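One letter stands for each residue in the lines below.
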Amino acid sequence: MAEPVMEVVARPPESMEDVPLHYCPGCTHGIIHRLVAEVIDELGIREKTIGVASVGCSVLNYNYFKTDFQQAAHGRAPAVATGIKRVHPDKIVFTYQGDGDLASIGTAEIVHAAMRGEKITVIFVNNAVYGMTSGQMAPTTLVGQKTTTSPRGRSVEGQGYPIRMSEMLATLQTPAYIARVAVTDPGKVHRAKLAIRKAFRTQLEGKAFSLVEIISTCPVNWGMTPNEAIAWANQNMLAYYPLGEIKVPPEVS
Amino acid sequence: MAEPVMEVVARPPESMEDVPLHYCPGCTHGIIHRLVAEVIDELGIREKTIGVASVGCSVLNYNYFKTDFQQAAHGRAPAVATGIKRVHPDKIVFTYQGDGDLASIGTAEIVHAAMRGEKITVIFVNNAVYGMTSGQMAPTTLVGQKTTTSPRGRSVEGQGYPIRMSEMLATLQTPAYIARVAVTDPGKVHRAKLAIRKAFRTQLEGKAFSLVEIISTCPVNWGMTPNEAIAWANQNMLAYYPLGEIKVPPEVS
Amino acid sequence: MVHDVIISGFGGQGVLSMGELLAYTAMHQGKNVTWLPAYGPEQRGGTSYCTVVISDEPVASPISSEPEAIIVLNRPSLERFESQVRAGGFIVYNSSLIDVSPTRKDVRVVAVPANAIADEIGATTVANMVMLGAFLEVLPVVSRDDVMKSLAQTISARHHNLLPLDEQALKRGAEVAQKVGKSS
Amino acid sequence: MVHDVIISGFGGQGVLSMGELLAYTAMHQGKNVTWLPAYGPEQRGGTSYCTVVISDEPVASPISSEPEAIIVLNRPSLERFESQVRAGGFIVYNSSLIDVSPTRKDVRVVAVPANAIADEIGATTVANMVMLGAFLEVLPVVSRDDVMKSLAQTISARHHNLLPLDEQALKRGAEVAQKVGKSS
Amino acid sequence: MKRVVFREERCKGCELCVEACPEDIIHLADRLNANGYHPAMVRDEDQDKCTSCGLCARMCPDLVITVYRPARVKVS
Amino acid sequence: MKRVVFREERCKGCELCVEACPEDIIHLADRLNANGYHPAMVRDEDQDKCTSCGLCARMCPDLVITVYRPARVKVS
Amino acid sequence: MAERMLMKGNEALAEAAIRAGCRFYAGYPITPQSEVPEYMSRRMPEVGGVFIQAESEVATVNMLYGAGGAGARVMTSSSSPGISLMQEGISYMAGAEVPGVFVNMMRGGPGLGDISPSQGDYFQATKGGGHGDYRLIVLAPGSIQEMVELMQDAFDLADKYRNPVMVVGDGMLGQMMEPVTMPPMRDLSTLPAKPWATTGAAGRKKNIINSLELDPYVLEKHVQSLKAKFDQMQATEQRHDTYLIDDAEIVVVAYGTVSRVARSAIDAVRGEGIKAGLFRPITLWPWPEVALARVVESGRVKAFLVAEMSTGQMIEDVRLTVSGRVPVHFYGRYAGVVPTPKELAGVIQNLQAQLK
Amino acid sequence: MAERMLMKGNEALAEAAIRAGCRFYAGYPITPQSEVPEYMSRRMPEVGGVFIQAESEVATVNMLYGAGGAGARVMTSSSSPGISLMQEGISYMAGAEVPGVFVNMMRGGPGLGDISPSQGDYFQATKGGGHGDYRLIVLAPGSIQEMVELMQDAFDLADKYRNPVMVVGDGMLGQMMEPVTMPPMRDLSTLPAKPWATTGAAGRKKNIINSLELDPYVLEKHVQSLKAKFDQMQATEQRHDTYLIDDAEIVVVAYGTVSRVARSAIDAVRGEGIKAGLFRPITLWPWPEVALARVVESGRVKAFLVAEMSTGQMIEDVRLTVSGRVPVHFYGRYAGVVPTPKELAGVIQNLQAQLK
Ligand SMILES: Cc1ncc(C[n+]2csc(CCOP(=O)(O)OP(=O)(O)O)c2C)c(N)n1
Ligand SMILES: Cc1ncc(C[n+]2csc(CCOP(=O)(O)OP(=O)(O)O)c2C)c(N)n1
Ligand code: SF4
Ligand code: SF4
Ligand code: SF4
Ligand code: SF4
Ligand code: SF4
Ligand code: SF4
Ligand SMILES: [Mg+2]
Ligand SMILES: [Mg+2]
């Protein structure tokens, strides 16, 4: 029997560099990188895209994308992106930020970039913990979750309930698109990609601020195997952080 | 006919110092000071209250209250109050902040004090402008409103729609009490006082974070007489910033 | 020659713009000038003032510890600056609002009922121009004509109809000062 | 006397805790010690190592540019540190994972099939104790007994049932090293 | 006795009380106070019209106003 | 020809692909790669069982996996 | 010849920045410099530039990082507390070699202090308020005209060295008016090309703006290359000015506002036969040590008088250069107090009396 | 005698702070000091103290301002970029006279840099990274034991002077383990009373914590009183240590981590007959100028070698003291690179060769 001609179903995206990623085994940052790169490929915008890396485990992601990049100070990626986009309104500018970065130290910057309606796209990776600095509590850490700075588990008394950034930002009138997705099974990964594409398209169409929050895992700091972490996220994080499109202006579909 | 014996209906509160206020004629900061002092009087907490002044026209309010006070860096009053209250959980701690202070530079601090559920009370004076520095745009400036840094009027394109802090903070699960009031006619002043009292009582009862947003005027920087400013606020600000209790936990009544 | 003058009054009495007008006019006469406002805590309510220095040479310090002249529009200003005027200098004060007289004997003193005159002219806002007119009469660092030219250049077209009032104010101020005697 | 040793391997091979145990034991023998981890970019994945200095005098620098000994558990570690060992020093390496031999001729080299031995003992995690046993045989800065005492003090009670395995590992490591010959 | 008393030297003439008074009896004096403001006042002859409603004091930002009313005499 | 190909040297043995595969044909090899991980693999004899669904690649964080399928031959 | 205009320092510097090709301004209001953002909010749209009122000074400096990294000529202005908030970002810009211009209209401190003129941030500007080994070129104009000219240089130097440049003034320089002649509008097409900027990787290798390098040996190389730039600045960018210094026995060292007061004081004491002169640093960093050393070596100077609106900061640099060869005296007013010419003349007179 | 424990620098200093009476810690994670907040999160509840993970370093310093102003012994810890973000708040604390202890475990910079040991923030700590005229007492331990002891002093000095105190270490001191003996737990009732603190104005005049004063003449008085405190610190708080200095012809000046490397290097070159010694500043501010001047005046020293993990910062203070009397050389590794004993010994040998 002759060998059948094969076509590719899935392969590494063009917009990513062919270098190993430094993430821990099973860390979902890698999946999210790939999705962003696939969207950049599909929209054909690699040469007009400028990324902004934040401080967190993904700090080195300027090494992984084949686009121009700026590495921003901790929490300030939206301000950096604002500067870039205002100088180059015809370019596509995105930030890639963790939950410590965006929801803690960078709260003011994300709220105000969203309020002003900066025409940028924010990829917000919520793994309920400070990954890079080895597992301290984040504002997104779940109640009861143990971390290195909440050794007895996050308690409502004194630390409060976790912040739901997407819902909070959606109270603003200006932002165009806000959605929460997850990468905790193949179907969710697919829907995550659709949301990321929508967010970039929002920007391409010249509309205001778009943000996709992505429920992610940090197996190392959660003290779990990658698949345990996936299961934990599906069970616990999604219960507190419901998935879905939170803000969609009528024009974006 | 004999002179009737007179009793006092209204007089300056005990908890205020008997010194002239430095505010511009007709500035409603003075009304709000008085309401806070009246509540402190009525609750009998002057000797256990510690205030935190912010940077704005009200920066000198430590001169006007007969309570202990700390003057906080611009935007950081909630962090300062957090420090005080955690050291003295039995004391009553309040901040007094303008909209530039709380909704611009201090966004992260107010969001996180609210998220943690710090047992403090925030008096948030929204006059849609930076008063002290002579009338620049604030995040709360209305669309179309002219200020010294929005000389053509605030535009949605590039500056976005104003931020509604109370609604935004109310998406957090931890805060106990959030309300928006105004001091733009005697009836509203009365309801403002009720809300302020409720906010302080929330703290007295050991419940989490309480905040009262107060729609206020800045006649000088709005370029109006005090009464024109009152009318403008009633007509324009209340249309965008609806009054009412936004978050009331079942227990607070 | 260096002339330095402090102009002081309540916020709203137009002392800053009066100083600016003086500096602007002198600049157009080829002089070196500085105009320095007091922007400190005095700003809100309280007293507001500015220092104008006019010189043939580049101006070194825009601050004057011993001004040649003061133009004071309210009583706190007189109290604050009277002692600083250098001997042989000038005090031009607004006698409409200041109910005491300067006590200095080593300076020339000119009392100008500026508000009263402005009311007569029918525009309370020109009281500062009355003061300026009186000042220029005793210390003619620039001419009234040049001031009027500067005014025409600097104020927006839709206020040009007010120029005759300003001119009148300058003149009336000068007349008051003439009675006291010209600077030699 | 000053002894300084670098202990290096993959993260997860227990090199940091091995160093800590060594330092802790020496401290309890009245020695001055320092334990310095490399906490740099090597941390995630990659190679992890620590430097232990043991001395009768207060330890000056906790960094050693020319360690007396290295204990290396994986190949990148050998490649990185082999050249630094000072002449007359020691290389103790894990021959289960390192498939090349050190080339230095001026140092004493001990090959320890640590993983193989640990597998024999039935606990892969004690490979580091095998290495330590071998090291202490060639450079007896502390005794195996003292190490066991330290272990008993530092690990939590519910792991005390593992102590016999650790003891066995130390001993098996020592036996391997004995074949090579004791340090004089 | 007066129902409504103004601490004139502290008044800034903002007229918030003027607007607030339902009886329309407050107006600014012609004279200036030490700070250069026309202070608010109620003419002596208008004091009777005052209902002691307190609205003027409620709106005054500068703690200028004290309002009195005849004591309700309690029969004890 | 293989349907699913692993760049073994980049695999970190996280097993996300193992969990994702509906055909249960992925497992970790006994050998270690240069970075000390047991790489994921599909045995040659299992390649046929692969449906080219691509779910393994979708979950792989490290760009290890390329998935092929027989081309649908277009009649032109 | 261009027309002389009577302008406030703050507005003049804003216009000067635009003439120098600045097309991105971000800032946050603070006295005594709020006229700068106010002017920019009116003017930037007219020249097709960007004005943003940032949510804070922290956001401001990071907007500059983004916009400067993207290739624009960028600036901000603030006053002391606001500049303190920018220190992390300034360090990032220096580390990532992003050019940008910072104006600090210094006010009295520490803390909230007051809003009056001060020179209390000399150390912060010249020694590095942020973390790590970096330097800023610090320019200190003495007049509004000079401020206008130094703004041109500030942008050019920032681009030349790919480093932030700071212009320091104070409330007095910001608020006063003086006649100025504006330089012509720079033709943007003549500005230096920035092949390193993030403009989208179209047809070229990607550009990365970054200060992170986890390998210390690689980072050390990078910091070494930064240091080479700073050494070059020190070799070539020192600037100063003098007044009546040729025969001076007492040399006042002062910059900015104080240098003007000092000139008046010197004029006054010269009238009494005191041989006083002025050494005025224009670059606070690089410190004009070559020129000052020459003054020391002339052998004529009997005493230096460092006059600052601070409790004594620049005096350290003077002492480093003088190195014990001539006595160095100090006169400081601070926390918002500006010395008067008369007062400073008195200090010089006292010093003269001591010398005799 | 208290037991010797083997502890990581970061954990030892955290425990030491608690023993010194610290009952309020706020902080934000950053390498290489995250073990401090982690330790505090476990330990503070056990002693009835407060641990807060702040939302940022900006919030952190302001929490310290509040808690310190309310009378508690307060501290935070961070590393270079985080300390830069605290500069406004530190200036506020100095201005408002709020005591507090800051630990900076310095890492390589500028910008994000790396996470390896560095001394690149010397200027920031000693000259004032924030705005206005203020100073911090800056303590630089050379070992973990000394760090533990200096933490006690840090809190006492902060309270004594009502001023922030900074303890500087680096990644090496924070991450390494050494045996330490902990001081006993301080009895909180023996700590100095703070009648100025905001504790509620019950039965006393109200207390105000504030750095604002709009009248420059009044503010100047206040800053003058601050300056008097700083002068007193300079007069009484200088500290240093020496090693083999009595006959030394080459004196290495180094602090912290580098001072330890230097000791090893000195031991090595002493073996070759080179008369080298060590001068180790313990207070970086106030700079130990009296003791260093005495070394200069001894006349024995032929050269100083300043060794820093920076491109050259402390050397300015050395030069100010030496004032041209003896040559001052410099050796720096930086951006996260720690010099080795061998390397430094080589530098001393070269220097010795030059001297001959
Ligand atoms: C100003 C400043 N503060 C703190 C840090 C240290 N730091 C680096 S990454 C990080 C947290 C990252 O957490 P997150 O944003 O959730 O990203 P993740 O690593 O979880 O993906 C922190 C606190 C820093 N680099 N700069
Ligand atoms: C760090 C810092 N940035 C800026 C300022 C200047 N500043 C003082 S008050 C103020 C705005 C105040 O506005 P708001 O909070 O709305 O109070 P208002 O005066 O309107 O009552 C600003 C920007 C400052 N003091 N500190
Ligand atoms: S620490 Fe957590 S977030 Fe960071 S790379 Fe590892 S698993 Fe991913
Ligand atoms: S500027 Fe506005 S807010 Fe400030 S005192 Fe005046 S009126 Fe009130
Ligand atoms: S109390 Fe009422 S009626 Fe009387 S003056 Fe005041 S507002 Fe008018
Ligand atoms: S409201 Fe108060 S301040 Fe205003 S006019 Fe009336 S009395 Fe005077
Ligand atoms: S493509 Fe689908 S069937 Fe084939 S190995 Fe991957 S997950 Fe399994
Ligand atoms: S998901 Fe990728 S990295 Fe993980 S085991 Fe499978 S192939 Fe390897
Ligand atoms: Mg995270
Ligand atoms: Mg406001």
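Residues numbered from 1 in each chain as written. Chains lettered and ligands numbered in written order. Predicted model: local features only at pLDDT ≥ 70, side-chain atom pairs only at ≥ 80, totals over all residues. Heavy atoms only, no water.

(A) Expanded view of the interface of chain F and chain A. Taken residue by residue, the interface counts 29 residues in chain F and 35 residues in chain A. Counting each side, the surface lost to burial between chain F and chain A is near 2600 Å², with a carbon and sulfur contribution of 62%. For chain F, the biggest contributors to the area lost against chain A are F:Arg58, F:Met59 and F:Leu63; these three give 24% of the whole. Run the count over chain F and chain A and you get three salt bridges. The tally of links from chain F across to chain A stands at 14 residue pairs in polar contact (both at pLDDT 80 or more). (Contact = heavy atoms within 4.5 Å. Buried area = accessible area lost by both parts, 1.4 Å probe. Salt bridge = Lys/Arg side-chain N within 4 Å of Asp/Glu carboxyl O. Polar contact = N/O pair within 3.5 Å; in protein donor to acceptor, adjacent residues only side chain to side chain.)

(B) Broad picture of the coordination of the magnesium ion (ligand 10). All names here are of chain B. Distances from the magnesium ion (ligand 10) to its protein donors, Asp99 (OD), Asn127 (OD1) and Val129 (O), fall within 2.0 to 2.2 Å. Read in sequence order, the donor residues for the magnesium ion (ligand 10) give the motif D-x27-N-x1-V. Linking aspartate 99 in helix H3 (residues 99–105) with asparagine 127 in the loop between strand E5 (121–126) and helix H5 (156–159), this pair joins segments that are 28 residues apart in sequence. Assessed through its relative accessible area of 5%, asparagine 127 is described here as buried. (Donors = N, O, S within 2.8 Å, 3.2 Å for Na, K, Ca; no water. Helix = DSSP H or I, 4+ residues; strand = E, 2+ residues; numbered from the N terminus. Buried < 20%, exposed > 50% of the residue type's maximum accessible area, 1.4 Å probe, protein only.)

(C) Seen up close, the side chain of B:Thr217. Of note, B:Thr217 is situated in the loop between strand E7 (210–215) and helix H8 (219–222). If near-sequence neighbours (up to four positions away) are discounted, B:Thr217 is found in contact with B:Gly26, B:Cys27, B:Thr28, B:Asn127, B:Thr184, B:Trp222, B:Ala229, B:Ile230 and B:Ala233.

(D) Representation of the confidence of the model for chain E. When pLDDT is averaged across chain E, the result is 93; 95% of the residues are at 70 or more. Across the interfaces of the predicted complex, the ipTM metric reaches 0.97, alongside a pTM of 0.97. (pLDDT = per-residue confidence, 0-100.)

(E) Layout of the site of ligand 4. Among the eleven residues in the neighbourhood of ligand 4, the closest are listed as B:Cys24, B:Cys27, B:Cys57, B:Cys218 and B:Asn221. The residues that come close to ligand 4 belong to more than one chain, namely chains B and C. (Near = heavy atom within 4 Å.)

(F) Main features of the sheet that holds strand E7 (residues 210–215) of chain A. Strand order in the open sheet made by the eight strands is E8(A)-E6(A)-E7(A)-E5(A)-E4(A)-E2(A)-E3(A)-E9(G), with mixed pairing throughout. The open sheet has two edge strands with one neighbour each: strand E8 (244–247) of chain A together with strand E9 (208–209) of chain G. Two elements, strand E2 (residues 49–53) of chain A and strand E4 (residues 92–98) of chain A, share five bridges in a ladder whose sense is parallel. Paired with A:Gly51 across the bridge in E4(A) is A:Phe94. In this fold helix H2 (residues 77–87) of chain A packs onto E2, strand E3 (68–71) and E4 of chain A, with an angle of close to 175 degrees to the strand it touches most, E4(A). (Pairing = 2+ DSSP bridges. Axes fitted to C-alpha atoms, helices over the stretch in contact; angles between N-to-C directions.)

(G) View of helix H7 (residues 144–161) of chain G. Under the 1.5 Å per step criterion, the end-to-end length of H7(G) is 25 Å for 18 residues, consistent within 8% with the ideal 26 Å. Counted residue by residue, H7(G) has 13 buried out of 18 residues, so it is predominantly covered. (Expected span 1.5 Å × (residues − 1).)

(H) The relation of the copies chain H and chain G, seen in detail. Expressed as a screw operation, the relation of chain H to chain G combines 0.0 Å of axial shift with a rotation of 180 degrees, fitting to an RMSD of 0.0 Å. Viewed as a symmetry operation, the transformation between the two copies matches a two-fold axis. When C-alpha distances to the rotation axis are compared across chain H, the minimum falls at H:Gly129, with a value of 1.8 Å. (Least-squares fit on C-alpha atoms with pLDDT ≥ 70 in both.)

(I) Structural detail: a negative patch on the surface. Residue and element names in this part refer to chain E. Side chains of Glu15, Glu19, Glu23 and Asp24 sit close together on the surface and give a patch of like negative charge. Tracing the chain through its elements places glutamate 23 in the loop between helix H1 (16–20) and strand E2 (26–28). Note on glutamate 23: relative accessible area 35%, which makes it partly exposed. (Patch = residues over 30% accessible without salt bridge, like charges linked within 9 Å, V, L, I, M, F, W, Y side chains within 5 Å. Areas by Shrake-Rupley, 256 points an atom, 1.4 Å probe, with all protein chains shown as cover. Lys, Arg positive; Asp, Glu negative; His and termini not counted. Charge placed at Lys NZ, Arg CZ, Asp CG, Glu CD.)

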